[in-house]
Amino acid sequence: MADVSKAEPVLSIENLTLALPPLADRAHAVENVSLSIAPGETLCIVGESGSGKSMIAHAVMGLLPKAVKPKGGAIKLAGRDLLSLDEAAMQDVRGREIGMIFQEPMTSLNPVMRIEDQIFETFEAHGLLAKSERRARTLALLTEVGLPDPARLAKAYPHELSGGQRQRVMIAMALALEPKLLIADEPTTALDVTTQAQILKLLDNLRQKHGTAVLFITHDFGVVAEIADRIAVLQQGKLVEQGTADQVLSNPQHDYTKRLLAAVPSLIPPQRPAIVESKPVLSVTDLGKVYRKRSFFGAAREVKAADNVSFTLAKGETLGLVGESGSGKSTVGRCCLRLIEPDGGRIMLGDLVLSDLGKSALRQHRKRIQMIFQDPFASLNPRQTVGRIISDGPVAHGTSRKDALARAKELLELVGLSANAVDRYPHEFSGGQRQRVGIARALALEPDVLVADEAVSALDVSVQAQILTLIKEIQQRLGLAILFVTHDLRVAAQICDRIAVMQRGRIVETGPTAALFAAPQHAYTQALLAAVPGGARFGH
Amino acid sequence: MNLLQFLSGRLVKGVLVLFAIALLNFFLIRAAPGDPAQVLAGEAGAADAQLLEQLRARFGLDQPLLTQLWIYLKGYATLDLGFSYRQQRPVLDLVLDRLPATLLLTGAAFIVSLGLGVVMGALAARRAGRWSDSLITTLSLVFYATPLFWIALMSQILFSLKLGLVPNVGFETIGANYTGLARALDIGHHLILPSITLGLFFTALYARMMRASMLEVAGADFVKTARAKGLSPAIVSRRHVARNAILPVVTLAGLQAGQLVGGAVLTETVFAWPGIGRLMFDALVQRDYSVLLGVFFISSAMVVGFNILTDLVYRLADPRIEAAS
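Residues numbered from 1 in each chain as written. Chains lettered and ligands numbered in written order. Predicted model: local features only at pLDDT ≥ 70, side-chain atom pairs only at ≥ 80, totals over all residues.

**A few points about the overall build of chain B**
Argument step 1. Counting secondary structure elements, chain B contains 13 helices and 2 strands.
Argument step 2. Seen along its three principal axes, the alpha-carbon backbone of chain B occupies a region of about 85 × 55 × 40 Å.
Argument step 3. For chain B, buried positions account for 35% of its 325 residues.
Argument step 4. Restricting the contact set of chain B to residue pairs at least 6 apart, pairs at least 24 apart contribute 71%. (Helix = DSSP H or I, 4+ residues; strand = E, 2+ residues; numbered from the N terminus. Buried ≥ 20, exposed ≤ 12 C-beta atoms within 10 Å, placed from the backbone. Contact = placed C-beta atoms within 7 Å.)

Written out as structure tokens, the structure reads:
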């Protein structure tokens, strides 16, 4: 952490209020917020979705959506009020005095422009450097952010780079003109943990080297613990707490901060009751799935998404399938329901060989294994009522609509919603509530096995904690076996009895959660655990 | 996959497609009632069985169908498109005679509509919601919905007969015997009305598509990145938004380009333009099999060719595409 003296602040936001359009659910996106950042300091703005944290970043950049208008206060960059600048003057500030990095590295770069041209343009926009110097500087920047073979990479298009590499390009671009202030809006949220750790380290090194002030927007307290000098906590557009990282993390004053911190899942697995030895409900043997990219000439490219994957799942047990993106964990989850047809291997549901069933037999028996999906917004049909969504499954299996709807009401109460939700549509619910509907839908068929594919990854921490508790309760009550697919080791630590770590389609290590976290055997598991942000602070 | 592999793959497939088309054309035409001998005999007013037999023997129509097919395919393999007994000339000559006029007309229409459509669409998107946007959107809806022949006739009446700005019909001024530049200008003058008429529909289509596509891309993350660099709105709009928004327009332009030969029958008829469309129409009425087959084949070859070209352009325009062959 940088030693921050009482220097003139680079950025000071004074009583900023941003007005939302008249019909929004609250009047102000941000209300009366005051913040300041000293040179070389990292200020983290933390808050859940809808707290207005991104709006602050966009207001500083002068890139607010048309509907959101600054209503009061000032944003002073080195003493100059940015809100009073006209568009032309603001254009000159962007890029030169403030650089910005965004959340989605996959979509933040222009797909039809070469990397070097996209960096090059930053100099061009501000009329800086001669042409030959711009090229040289571009290469120097790419080298500085740690990209391999910068000369070749400069000529590449964004789609030829990985997510982490693209985010490095974004950083190079944001830092090209050595701005006083760098705004990073959830820059590592879309990245895998190991990549996230590298990017956070890079940002911190660059900040120290150039003395750039960093405004870091995030919802993730783990990341905050890694990078923040000072923390500002935002709730519903209001600043509820501000202080040094140590103060806020170890001695939070406001209730909301306390609640947020308490909701961060610990990396230490809790004591879990032993699973009663029984015949496995789900057993998967030598599961294989290869994705082929066919081509007219030459050899096809093959990706082994599942390679000799075997595991068993007992009644009442939760097995975590953990890995980074592309490790094949979701493919395995979907193969268990034969939503994706596996190429080989055996899937047994109790005594039933699910992998050998024909189409109509599969339809009959698939109700015994159900799925909860990641995206609560995309996984519910927006044109069907919640009652219909939940009852459709049982009706397809011969229950009358009336009975199924009655059962849907019971299920809704079971997942903590009111029974009258049956007549409402998905858009009337929040993300967490929709995920509850998704769970009720999965339970409607009274399955033996639930496959939860990143079921809490899209949710805010406080909501995440509630859903995890709900899943645990339901499991105890119904004795479900759960295959819990996740990239989040904290979540896995909290909910899983056993964990299987996947890398490139293979299970590299498997074991009881507590043992695996305490003494990881495989190098990849060790790397994953080391990369979890805030590991030191949120260990317990 | 590199360019050469891609091209050779596509060419091999293209030849197979053309073979299938040639076969299909042959049988399709035979499925229509009547044959050239009947038409000829009908026109001569003496349709006795003996004359019909004679005519059929002369055209080779008395041979078994498969033999005729074999002769037809063998000819096409050596680029011999047959002989029109009706016009007493090889079909290839007839087609090549008419091809330049058609390509001039449709090519001009293509360029005008693509250029105008993209510019209008981009303009409308940048001014979305303002009166200029409403004007462009309304105009393109009108042109999109109005039948081509009606626009053709009305524009003839207005611009040619009433205002006398442009010639009414024809390819060039008959009897003027211009040469060189003067002739080119004369043809150009004749070209204005038919090419604009023919291009209006696609202009409207491009404008609508470009507008929608621009608005969609304008919300993309990389546009925010571009603005965050401090680029001016004009550069953001041109280099980042338009450059990406034009990709779906390229696909549509490929479709239009495929119609360059066969798509102008109506316009050529209304404006008495001596092109392929007219040749085909006349051949159809006269059941002139060899000419019809020739025109069909050349049009299909153009469609296949332009499809390959479109994919090629697409590969250049969008580096993400590894056009699968």
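From this point, things continue past the structure.
**Describing the domain arrangement of chain B**
Residues and elements named next belong to chain B.
Argument step 1. Along its sequence, chain B is organised into domain 1 (3–91) and domain 2 (96–317).
Argument step 2. Once you take the C-alpha centre of each, domain 1 and domain 2 turn out to be 32 Å apart.
Argument step 3. Across the boundary between the two partners, domain 1 contributes 20 residues, which contact 16 residues of domain 2.
Argument step 4. At the level of elements, α1 (3–31), α2 (36–44) and β1 (83–84) are the ones that each hand at least two residues to the side of domain 1 that touches domain 2.
Argument step 5. Per-element accounting of the side of domain 1 that touches domain 2 gives the leading share, 9 residues, to α1.
Argument step 6. Residue composition of the side of domain 1 that touches domain 2, grouped by class: 12 nonpolar, 5 polar and 3 charged. (Domains from an automatic or database assignment. Nonpolar A, V, L, I, M, F, W, Y, C, P; charged D, E, K, R; others polar.)

**Notes on helix α7 (residues 193–210) of chain A**
Residues and elements named next belong to chain A.
Argument step 1. Compared with the 26 Å implied by 1.5 Å per residue over 18 residues, the 26 Å span of α7 between its first and last C-alpha is a close match.
Argument step 2. Restricting attention to buried positions, one finds in α7 the residues Val 193, Thr 195, Gln 196, Ala 197, Ile 199, Leu 200, Leu 203, Leu 206 and Arg 207.
Argument step 3. Each element contacted by the buried residues of α7 is listed here: β3 (42–46), α6 (163–174), β7 (181–185), β8 (213–218), α8 (221–227) and α19 (523–531).
Argument step 4. Backbone geometry just downstream of α7 places Gly 211 in the positive-phi region, at approximately 65°. (Expected span 1.5 Å × (residues − 1).)

**What to know about the sheet that holds strand β20 (residues 506–512) of chain A**
Residue and element names in this part refer to chain A.
Argument step 1. Across the sheet, which stays open at both edges, the 6 strands sit in the order β16-β17-β18-β13-β19-β20 with mixed pairing between neighbours. If you trace the sheet from one side to the other, it starts and ends with β16 (369–372) and β20, each paired once. Averaged over all adjacent pairs, the angle separating strand axes in this sheet is 20°, with direction ignored.
Argument step 2. Note: strand β19 (residues 498–503) against β20, 6 bridges, orientation antiparallel. Bridge pairing in β20 links Ile 499 to Gly 511.
Argument step 3. Here helix α11 (residues 329–336) sits on the sheet in contact with β13 (318–322), β16, β17 (449–453), β18 (481–486) and β19, set at roughly 150° to β18. (Pairing = 2+ DSSP bridges. Axes fitted to C-alpha atoms, helices over the stretch in contact; angles between N-to-C directions.)

**Topic: the domain arrangement of chain A**
Residues and elements named next belong to chain A.
Argument step 1. Each domain of chain A was delimited in the assignment, giving domain 1 (11–262) and domain 2 (282–531).
Argument step 2. For domain 1 versus domain 2, the distance between C-alpha centres works out to 35 Å.
Argument step 3. Residue-level contacts link 10 residues of domain 1 with 9 residues of domain 2.
Argument step 4. Contributing elements (two or more residues each) for the side of domain 1 that touches domain 2: α7 and α10 (255–263).
Argument step 5. By residue number, the principal contributor to the side of domain 1 that touches domain 2 is α7, which donates 4 residues.

**Concerning the UniProt feature "domain: ABC transporter" (unreviewed entry) in chain A**
Argument step 1. Taking the UniProt record as the reference, the feature "domain: ABC transporter" (unreviewed entry) is found at residues 11–261 and 282–529 of chain A.
Argument step 2. With 39% helix and 25% strand, residues 11–261 of chain A has end C-alpha atoms that lie 27 Å from one another. (UniProt positions renumbered as here; feature names shortened; annotations may be inferred.)

**Some details on the interface of chain B and chain A**
Argument step 1. Contact residues are listed per partner, giving 21 residues for chain B and 26 residues for chain A.
Argument step 2. With 6 residues, helix α9 (residues 221–228) of chain B is the largest single contributor of residues to the side of chain B that touches chain A.
Argument step 3. For the side of chain B that touches chain A, the per-class residue count stands at 6 nonpolar, 8 polar and 7 charged.

**Here's the deal with the UniProt feature "transmembrane region" (unreviewed entry) in chain B**
Residues and elements named next belong to chain B.
Argument step 1. Sequence positions flagged by UniProt for "transmembrane region" (unreviewed entry) are, in local numbering, residues 12–32, 101–123, 135–159, 187–207 and 289–309.
Argument step 2. Helix makes up 95% of residues 12–32 and strand 0%, with an end-to-end C-alpha separation of 31 Å.
Argument step 3. Across residues 101–123, the secondary structure splits into 100% helix and 0% strand, with the terminal C-alpha atoms separated by 33 Å.

**Points about the environment of Ala 156 of chain A**
Residue and element names in this part refer to chain A.
Argument step 1. In this fold, Ala 156 is placed in the loop between α5 (150–154) and α6.
Argument step 2. Each C-alpha atom of the pair Ala 156 and Leu 142 lies 12 Å from the other, and the pair is 14 residues apart in sequence.
Argument step 3. Once you skip the residues sitting within four places of it in the chain, Ala 156 turns out to touch Arg 114, Ile 115 and Leu 161.

**Regarding the pairing of strand β4 (residues 69–77) of chain A**
Residues and elements named next belong to chain A.
Argument step 1. Bridging between strand β1 (residues 11–19) and β4 involves 7 bridges; their strand directions are antiparallel. In the sheet register, Ser 12 faces β4, and the bridge partner there is Lys 76.
Argument step 2. Of the strand pairs in this sheet, β4 and strand β5 (residues 80–81) are connected by 2 bridges, and their pairing is antiparallel. When the bridges of β5 are listed, Leu 77 appears paired with Arg 80.
Argument step 3. The antiparallel hairpin formed by β4 and β5 contains 2 residues in its connecting segment, where Ala 78 sits at a positive phi of about 50°.

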